[in-house]
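Residues per chain, in single letters:
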Amino acid sequence: MDIKVFKDKCTGCKLCQKVCFYDAVDIKDKMAYINENCILCGACIEVCKFDAIEIKEQAPDMDFTDHRGIMVYLETHDGRVLDSGFELLSEANKLKKDLDTPLYALVVGNICQDEAKKAFRYGADWVYAAMHAVFENHFDDIYSKVLVKTIKKVKPDIFLGAATPFGRTLIPKVAAILKTGLTADCTGLAIDSQSKLLKQTRPTFGGNVLATIVCKKTRPQMATVRPHVMEKIEIDAPKQGQFKEIKIQPGHYGTQYKMTGTDKKQEESINLSDYEVIVAGGRGLGEGKNFSMLKELSEVLGAGLGASRAAVDSGWISYPHQVGQTGKTVNPKIYIACGISGAIQHLAGMQTSDIIVAINKDAAAPIFKVANYGIVGDVFEVVPKLIERIKSGKPLIE
Amino acid sequence: MVKIKVVVCIKQVPGTTDIHIDPQTNTLVREGVENIINPFDNYALEEGVRLKEKSEEISQTVALTMGPPQAEQILKDALSVGMDEAVLLSDREFAGADTWATAVTLAAAVKKIGDAGLVIFGKQTLDGDTGQVGPEFAQRMHMPFIGYVSKICKLDRKSIQAERLMEHGYEIIEAQLPAAISVVKDINEPRVPSLRGKMKAKKMEIPVWDRHHIGLDAEQVGLSGSFTQVVKVFTPQSKHEVMMLEGSTAEQVEKLFGKLKQLNVVQGA
Amino acid sequence: MNYFLTEEQRMIVDICKEITEKKIKPVRAELDQNQVFPSEIIQEIGNADLFRLFIPEEYEGMGTGIFEVCLATEELSRGDLSVATSYAASGLGFLPILISGNKQQKEKYLPLLASGQKLAAFGLTEPEAGSDAGAIQTKAVLEGDYYVLNGTKQWITNGGEADIYTIFAMTDPKKGSRGASAFIVKKGTEGFDFGKKEDKMGIRASATRELIFNNCKIPKENMIGREGMGFLVAMKTLDQSRPAVGSQGVGLAQGALEEALAYAKVRKQFSNTISSFQAIRHMLADMATQIEAARNLVYYAAKAIDSGQKDISRLSAMSKVFASDMAMQVTTDAVQIFGGYGYMKEYPAEKMMRDAKILQIYEGTNQIQRDVIALDLVKKGF
């Protein structure tokens, strides 16, 4: 594995030096030299107009024809399948049309059959269900065992799981056991029309840059996908597919962990993604107590209350309310951003909302670039008036 | 039983995520970007230092990173906040590693360091954002892994009890050592380096290990050892067309109310 | 401008910068509003070894000069003057021990102060003795192995928060300023109490209290230097500490300029950023120039002290008076550049302007500084 500059082709035009993120290109005597900073990302190869740079790699000439289908892992909690799993099934249902392969759902948990069979409503052709009390606690070693076993047996070409806190612990473990590639926290999936490879697109650098990643050498191609980025689509008349119960012998499912306590306190254990409307506040609110105004607006709208990182970091509202790169990713019908400037980190968590309303006093705020409706104005005037308007049901102007 | 070492794995990242691609030249704009310790790793370092300060069971804290030679700087930073030792994994052949190849390389290094009872990661990096290296590393080492740890309740030479942050609340779980964990920012408030720490760090020689030092084959590291590869890097497109609601505040609110009504969110005249 | 700092000096600046950016800026407005003493930040400053700077290595310090203290103070002042004042006031409190204390006193107190575990305070001012420090009325009467203190000190920075106080009291009132002596008094000593925390215009997070002595018995070995030397100890201390007040002005003004500049570059009026208007540009240019001039004077004064120069009163006073007047001007201009927003608490300029005023008043009003400069000038010529 090496990177090489062809001396006869290179003109020293410096394009590669500009594109390189890692200061890995030196230009000497009108010639590019790659130094030890290079991480072989290939950005220079894309930009080079003279095809003067090459990364040599061995062709992964492997036969994966025995791997077929897409398998989606559905996480459960308290006897229920999480929505993030259904979202993924819906997405996989679209992907499978480009591959003409079956769609498998793998449901694991301390759940009942009816719950597991809900997967059919979202397009699963097959449902594999491991239903047993050993899965009560979310221990990665117990879960990975059943996942690995099923994957080895079914041999799917693609394996998807939601990037929940547990998914982000479990799926990497499974990938490591299977020794296959895994792409974390994807926001977009597609099938390459020629190679039929899964193109996995994910944000990096806090959402400022997107990268598309493929896994050529190993199977299954694994990805975790951000919850609430994909849309959950229930099928009108689902066909009843094959239901396979995975037999569990509890003796085989030992664990190296011990649960010594749970604490659901999480103060306001809010789940922002449950709401169709979210009202969110940012630095423009000035101080914590002003969140009461937004709280009132969220109450009259039946909406969830979100916040930017700036507001959370300032201690105005607790972390579970945070939307953005380091907080929750939400995808509501309507997102009302009040006094949020729209830093890219925030946008990363909410820009897939169907309708975005932005209220900000700065007309140049980046939030307006993603908003559908914008109001340039003082949140302290607009929000109370809006609350009054909704409560009274009477027009403010005759 | 010997005392344990605590290894903290850190990464050097660009000091900002405010990086974008110039649409005209299709080049990455990275003016004046300085490299720093991945912010989440500061919590991992702080926790390592605090564990050593509190516990007699820990013989040594070691900061470990894989990166180009300049990544030595973040190890110096780690030493200046109180880590005892540091190791830099740097080799031309490590380049292009995905999370798996990174995990394999770190695992080999941790084995060479020896006696590691606890390996701490930040929950994710600022640039890559995957959070995947920790669990893959733990599997490679056949260690238990506790992710998203917000509090270490107990640590002795044999076991760790930690509170982890899950989607629906907190869980306190216990695992035998050696173990790996990833920590979230609720766990502590990282200190700033001390002057004495900085001066000590400046003087310390940091060992640099290449592939041969940790006994890996060329096929196991870097791009060769990776299962995934990046095929395209691009800037997200904004496709929205914003409609500004103009007028006096009352007029603006009235227009907004109209839109919300169309969307069936509110009722009324 | 890098001022040719050594690597160690740059480390000091870097550490303080990190404290300012990560620990001070996010909370400064709240601390100011609620008048909360920044204990956590002070602890952080202690952990970072910054109280060690001027203390000799034999007492667990780092043995640097006043210049390094100025660098640290300047950078902390860029973040918040309350924090910088609390930091610098501890230095002012231990300087008398450092300058005139005996070996036992140094061994006993300096390591505690160096680590930041304990804070110090300097108690000179009284209700009836401000600029006229010779008029202090607190008395110390020798009774056996103890001095008994009676009287009240006013507006003492770190009052109540500090553990170790250097107190100036009259041991021989008949001799006027030659009858004053300096003492070390520990918090918790019987007969030593605090008045309420003062509600101030600026530096509201710093603690300012009365110290009340009511038959407070302190061991006679707590006297710093000899009887009657108190006033000399105070003056020597203030000569050395004044450049640090100057550096507070430089840092504060620098912080205000940074805020104003950032704002001017984004605020649009008449379809252009206000930083494109000459009226604003010239203000920014003057602010930057004044800051740089003050910084040079402060650095020079600090280096003169560190080089062992004896006659430093004039230079030291100049650095204080120039930098603090400059800070008042620059912070006022910063508010002006912010316009209406500058008058609101939403932006930091307003607080900086309130904070700046104290620099013209404490550690010798600027009028007294001018007296010092003029006296020296008339007596010795240029």
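Residues numbered from 1 in each chain as written. Chains lettered and ligands numbered in written order. Predicted model: local features only at pLDDT ≥ 70, side-chain atom pairs only at ≥ 80, totals over all residues. Heavy atoms only, no water.

A. Structural detail: the overall build of chain B. Summing up its helical and strand segments, chain B has six helices and 15 strands in all. Expressed along its principal axes, the backbone C-alpha trace of chain B runs to roughly 75 × 45 × 40 Å. Taking all 269 residues of chain B together, the buried fraction comes to 61%. When the accessible surface of chain B is totalled, it reaches about 11000 Å², and 48% of it is carbon and sulfur. (Helix = DSSP H or I, 4+ residues; strand = E, 2+ residues; numbered from the N terminus. Buried < 20%, exposed > 50% of the residue type's maximum accessible area, 1.4 Å probe, protein only. Areas by Shrake-Rupley, 256 points an atom, 1.4 Å probe, with all protein chains shown as cover.)

B. Structural view of the overall build of chain C. Along chain C, the regular secondary structure elements total eleven helices and ten strands. In terms of C-alpha radius of gyration, chain C reaches 21 Å, essentially the compact-globule figure of 21 Å for 382 residues. Principal-axis analysis of the C-alpha atoms gives chain C an extent of 80 × 50 × 40 Å. Look at the contacts in chain C between residues 6 or more apart in sequence, and 74% of them connect residues 24 or more apart. Accessible surface, chain C: about 16600 Å² in total, of which carbon and sulfur atoms supply 52%. Taken as two groups, the 45 positive and 48 negative side-chain charges of chain C have centres that lie 2 Å from each other. (Rg over C-alpha atoms; globule rule 2.2 N^0.38 Å. Contact = heavy atoms within 4.5 Å. Lys, Arg positive; Asp, Glu negative; His and termini not counted. Charge placed at Lys NZ, Arg CZ, Asp CG, Glu CD.)

C. Quick look at the sheet that holds strand S14 (residues 209-214) of chain A. Reading across from one edge, S12(A)-S13(A)-S14(A)-S14(B) is the order of the four strands in this open sheet, with antiparallel pairing throughout. The outermost strands of the open sheet, each flanked by one partner alone, are strand S12 (188-191) of chain A together with strand S14 (229-234) of chain B. With direction set aside, neighbouring strand axes in the sheet form an average angle of 25°. By the bridge criterion, five bridges tie S14(A) to S14(B) in an arrangement that is antiparallel. By the bridge assignment, Val214(A) is partnered in S14(B) with Gln229(B). (Pairing = 2+ DSSP bridges. Axes fitted to C-alpha atoms, helices over the stretch in contact; angles between N-to-C directions.)

D. The arrangement of the sheet that holds strand S6 (residues 58-66) of chain B in detail. If you walk across this open sheet you meet the ten strands as S17(A)-S11(B)-S10(B)-S9(B)-S12(B)-S8(B)-S1(B)-S6(B)-S7(B)-S13(B), and the pairing is mixed. In the strand order of this sheet, the two ends are held by strand S17 (257-263) of chain A together with strand S13 (208-209) of chain B, each with one partner.

E. Representation of the nonpolar core within the structure. Residue and element names in this part refer to chain C. Among the nonpolar cores identified, the biggest contains 116 residues, and Ile19, Ile45, Leu50, Leu149 and Val185 are the most heavily contacted of them. Among the elements that make up this core, the one with the highest residue count is helix H7 (residues 230-266) (13 residues). Here Leu50 is in contact with Ile12, Ile15, Cys16, Ile19, Ile45 and Tyr87, once residues within four sequence places are set aside. (Core = buried A, V, L, I, M, F, W, Y, C linked by side-chain atoms within 4.5 Å.)

F. Broad picture of unusual backbone geometry. Residues and elements named next belong to chain A. Geometrically, the link from Arg219 to Pro220 is a cis peptide bond, its omega value of -5° lying close to zero. Relative to the assigned elements, Pro220 resides in the loop between S14 and strand S15 (221-225). The phi dihedral of Lys179 falls on the positive side, at around 50°, and the residue is not glycine. On the secondary structure map, Lys179 appears in the loop between helix H6 (167-178) and strand S11 (182-186).

G. Structural context of the interface of chain A and chain B. In this complex, chain A contributes 103 residues to the contact, which on the side of chain B involves 88 residues. For the pair chain A and chain B, the two sides together bury roughly 8700 Å², of which 58% comes from carbon and sulfur. Taken together, the connections running from chain A to chain B amount to three salt bridges. Across the pair Glu254(B) and Arg389(A) runs a salt bridge whose closest N-O atoms are separated by 2.9 Å. The tally of links from chain A across to chain B stands at 25 residue pairs in polar contact (both at pLDDT 80 or more). (Buried area = accessible area lost by both parts, 1.4 Å probe. Salt bridge = Lys/Arg side-chain N within 4 Å of Asp/Glu carboxyl O. Polar contact = N/O pair within 3.5 Å; in protein donor to acceptor, adjacent residues only side chain to side chain.)

H. A look at the pairing of S12(A). All names here are of chain A. Residues Leu189 and Ile191 of S12 are buried on one face, while the alternating residues Gly188 and Ala190, pointing to the opposite face, are not. Where S12 and strand S13 (residues 198-204) come together, four bridges link them in antiparallel fashion. Residue pairing in the sheet places Gly188 in a bridge with Thr201 of S13. The hairpin formed by S12 and S13 contains six residues between the paired strands, and Lys196 there has a positive phi angle of roughly 65°.

I. Just the packing of aromatic side chains, in detail. Summed over the entire model, instances satisfying the criterion amount to 25 aromatic pairs over all chains. Three or more aromatic residues joined by ring pairs form one cluster here, namely Phe135(A), Tyr143(A), Phe166(A) and Tyr253(A). Above the face of the Phe243(A) ring, Lys117(A) is positioned so that its terminal group lies 5.0 Å from the ring centre. One Lys or Arg, Lys232(B), reaches over the ring of Phe234(B) and ends 4.5 Å from the middle of that ring. (Phe/Tyr/Trp six-rings, centres within 6.5 Å; stacked < 30°, edge-to-face > 60°. Lys NZ or Arg CZ within 6 Å of the ring centre and 35° of its normal.)

J. Representation of the domain arrangement of chain C. Residue and element names in this part refer to chain C. Split into domains, chain C comes out as domain 1 (7-118), domain 2 (121-227) and domain 3 (231-380). Measuring from the centre of the C-alpha atoms in domain 1 to the corresponding centre in domain 2 gives 22 Å. On the side of domain 2, 25 residues touch domain 1, which itself brings 24 residues to the contact. For the pairing of domain 1 and domain 2, the buried interface totals around 2000 Å² over both sides, and the portion due to carbon and sulfur atoms is 61%. Per-residue buried area on domain 1 facing domain 2 is highest for Gln35, Phe37 and Tyr109; these three make up 30% of the total on that side. On inspection of domain 1 and its partner domain 2, the count reaches zero salt bridges. Inspection of the region where domain 1 meets domain 2 yields eight residue pairs in polar contact (both at pLDDT 80 or more). Secondary-structure elements contributing two or more residues to the side of domain 1 that touches domain 2 are helix H2 (28-34), helix H5 (81-100) and helix H6 (103-114). (Domains from an automatic or database assignment.)

K. Layout of the packing of helix H4 (residues 66-79) of chain C against helix H8 (residues 278-306) of chain C. All names here are of chain C. For the pair H4 and H8, the least separation of the axes is 8 Å and the interaxial angle reads 150°. As the angle between them shows, H4 and H8 are arranged roughly antiparallel. Between H4 and H8, the residues in contact are Ile66, Phe67, Glu68, Cys70, Leu71 and Glu74 and Arg295, Val298, Tyr299, Ala302, Lys303, Ile305 and Asp306, respectively. Taken together, the residues of the contact of H4 with H8 sort by class into eight nonpolar, no polar and five charged. (Parallel < 35°, antiparallel > 145°, perpendicular 65-115°, else oblique. Nonpolar A, V, L, I, M, F, W, Y, C, P; charged D, E, K, R; others polar.)

L. Molecular detail of helix H5 (residues 195-203) of chain B. If you check which residues of H5(B) are buried, you get Leu195(B), Gly197(B), Lys198(B) and Ala201(B). All buried residues of H5(B) project into a common sector of 160° when viewed along the axis, lining one side. (Arc of directions from axis to C-beta.)

M. Highlighting the environment of Phe37(C). Residues and elements named next belong to chain C. Relative to the assigned elements, Phe37 resides in the loop between H2 and helix H3 (39-47). Phe37 sits 308 residues away from Lys345 along the chain, and the two C-alpha atoms are 19 Å apart. Beyond its immediate chain neighbours, meaning those up to four positions away, Phe37 contacts Ile42, Ser86, Leu119, Asn158, Glu161, Lys197, Ala205, Ser206 and Ala207.

N. Up close: the side chain of Ser226(B). As for its placement among the helices and strands, Ser226(B) is situated in the loop between S13 and S14. Judged by its relative accessible area of 1%, Ser226(B) falls in the buried class.

O. How the structure looks around the side chain of Ser150(B). All names here are of chain B. When you line up the elements, Ser150 lands in strand S9 (residues 145-155). On the accessibility criterion, Ser150 (7% relative accessible area) is buried. Those residues in contact with Ser150 that lie beyond four places of it in its chain are Glu163, Arg164, Leu165, Tyr170, Val184, Asp186 and Ile187.

P. Highlighting the environment of Phe51(C). Residues and elements named next belong to chain C. Inspection of the secondary structure assignment puts Phe51 in the loop between H3 and H4. With relative accessibility at 3%, the residue Phe51 sits in the buried group. Among all residues touching Phe51, those that are not within four sequence positions of it are Ile42, Ile45, Gly46, Tyr87, Ser90, Phe94, Leu113, Ala114, Gly116 and Leu119.

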